[in-house]
Amino acid sequence: MKRRTASLLLLPIVAMAIPALAAANPDDTSYQGIGLAEWKTRVQPRFSVAERRQAIAALQGIGIRWTRSHRTDKESRVRWLSDEIVPPLVTAMKDPDASLRRQAIISSNWIDKQATTSLIPRYIELLGDSDDRVRGAAAGALTFRGSAAEPAIPKLLERVREDKSAQARREAAIALRTAGPKAVAALFALVDDKNTDVRRAVLATFQGSYMGADPTTTPLYAVSKFKSLLNDANPQIRTDAAMGLIGLGSGIPANVGRKLLENQDPGVRHASAEALLTRNNATAFQVELLKLMGSDEEFRRANANLLSRLGTEAIPMLLKLLDDRDPNVRGNAAESLGHLGHAAKEAVDPLKKLQTDMAEIRGSESGERVCHRAGQALRQITGDEAYIKGLPPLRPDGL
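Because the structure is predicted, anything quoted here is derived from the model rather than measured.

Observations regarding the overall build of the chain
Looking only at helices and strands, the chain features 21 helices and 0 strands. Buried positions account for 53% of the 399 residues belonging to the chain. Accessible area for the chain stands at about 19,100 Å²; split by element, carbon and sulfur atoms hold 51% of it.

Let's talk about the nonpolar core
Nonpolar side chains in soluble globular proteins tend to end up buried together. Counting residues in each nonpolar core, the largest one holds 113 residues, and the members touching the most others are Ile85, Ile105, Leu142, Leu156, Phe226, Leu310 and Leu351. When neighbours within four sequence positions are excluded, isoleucine 105 is seen to be in contact with Met93, Tyr123, Leu126, Val134, Ala137, Ala138 and Ala141.

What about the pattern of salt bridges?
Counting across every chain of the model gives 28 salt bridges. Linking aspartate 265 and arginine 238 is a salt bridge whose minimum nitrogen-to-oxygen distance equals 2.6 Å. Of this pair, aspartate 265 sits in the loop between α14 (254–261) and α15 (266–278) while arginine 238 is found in helix α13 (residues 235–247), placing the two residues 27 residues apart along the sequence. One exposure class covers both aspartate 265 and arginine 238, and it is buried. For glutamate 288, the salt bridge is made with arginine 258, and the minimal N-O distance between the two is 3.1 Å. Linking glutamate 288 in helix α16 (residues 286–295) with arginine 258 in helix α14, this pair joins segments that are 30 residues apart in sequence. The class of glutamate 288 is buried, set by a relative accessible area of 16%. Residue classification places arginine 258 among the partly exposed positions, given a relative accessible area of 34%.

Thoughts on the side chain of aspartate 324
Among the structural elements, aspartate 324 can be located in the loop between α18 (315–321) and α19 (327–339). Here aspartate 326 takes part through its backbone nitrogen, which lies 2.8 Å from a polar atom of the side chain of aspartate 324. Sequence-distant contacts of aspartate 324, that is, excluding residues within four places in its chain, are made with Arg301, Val329 and Arg330.

Quick word on the packing of helix α7 (residues 132–142) against helix α9 (residues 166–177)
Here α7 crosses α9 at 15°, and the two axes come no closer than 8 Å. Considering the angle they form, α7 stands roughly parallel to α9. When the axes of α7 and α9 are compared, the crossing they make is left-handed. Between α7, through Asp132, Arg135, Gly136, Ala139, Gly140 and Leu142, and α9, the contact on the second element is made entirely by Ala168, Glu171, Ala172 and Ala175.

Brief notes about the side chain of arginine 77
Tracing the chain through its elements places arginine 77 in helix α3 (residues 74–84). The class for arginine 77 is buried, based on a relative accessible area of 8%. Look past the residues within four positions of arginine 77 in its chain and what remains in contact with it is Trp66, Thr67, His70, Arg71 and Asp112.

Rules used throughout
- Residues numbered from 1 in each chain as written.
- Predicted model: local features only at pLDDT ≥ 70, side-chain atom pairs only at ≥ 80, totals over all residues.
- Heavy atoms only, no water.
- Helix = DSSP H or I, 4+ residues; strand = E, 2+ residues; numbered from the N terminus.
- Buried < 20%, exposed > 50% of the residue type's maximum accessible area, 1.4 Å probe, protein only.
- Areas by Shrake-Rupley, 256 points an atom, 1.4 Å probe, with all protein chains shown as cover.
- Core = buried A, V, L, I, M, F, W, Y, C linked by side-chain atoms within 4.5 Å.
- Contact = heavy atoms within 4.5 Å.
- Salt bridge = Lys/Arg side-chain N within 4 Å of Asp/Glu carboxyl O.
- Polar contact = N/O pair within 3.5 Å; in protein donor to acceptor, adjacent residues only side chain to side chain.
- Axes fitted to C-alpha atoms, helices over the stretch in contact; angles between N-to-C directions.
- Parallel < 35°, antiparallel > 145°, perpendicular 65-115°, else oblique.
- Left-handed = near helix turned anticlockwise from the far one by under 90°.

What follows is the structure, encoded as structure tokens:
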């Protein structure tokens, strides 16, 4: 039995299948019986939207296959991609249809970064596109370019400050976060912007880890600045600042983390606890987190799925949550107990009772019920596969 899980990716994903190219001959650059030269032609506006869309997807797939087939000769690979794949993608980035411009940008993300360095000026130009999705995709394409993206700093800052689209602002801020010390310093300067949306977009980039973002580029005064924002008049800013502090990882002093969990603002306390649990940094603050969970019933119920990260000390709380009125809480508590394995053996009898609980877990795309979670937990705790047999079937995906 499989549970569907969602994963958050930092790079934009193409909203269509990558063409399945025949791999019999690595040098064959045709797709569906059509050669590369023809696909390059079909990105021209004189072809239908459907044909242009297919051509962009074919170019992406051919580029991916070529890269995989020429791993040992990087110089020739980069040169070929630059000469054959990048130019038609540039043409597509000028397409009158915004969805195709966006598709072309996203497709270029799948091509070797060195081969697409020449696209950086094009991405910068597209940061001013009339379509917010195109602007967001252009900012996303600049992410992880390091210092090569420095020419984009002014335009990215403009997007963070002025864009009406929250997603485009966020993508621009992330691009700055990964573009080296100059970009990070310019981004951090916006922490004091008068516009709350701008400030939140900036703070959000410090709440997580981004591949390519050098932690040493975080301003040395970030901790003191974030601490001062814990007293901001806006509760959202206070919460974002708390999560930003935790996002600094090893850069946050232990005493600061403890103070966050004891803050008078419940929003700060809760956001900090969730961030620590989600990032699996709970061990260092186990005492404070257990205290918070024990004293705040609703927060404990809302985060039953994360309680296992507090270790065996959380078992008494989880056992009580198995009787909760909400099936989601019961199911999440069962799942957490399963994560603890044999250490949660005292939960076997209560979990056996839940195997008759047919309540469906809200938000489950597969029709998962509490009994499914209980069966899985029993299997993890006891090692007995019999507990997951005979359970009601799940819905087919997507129904």
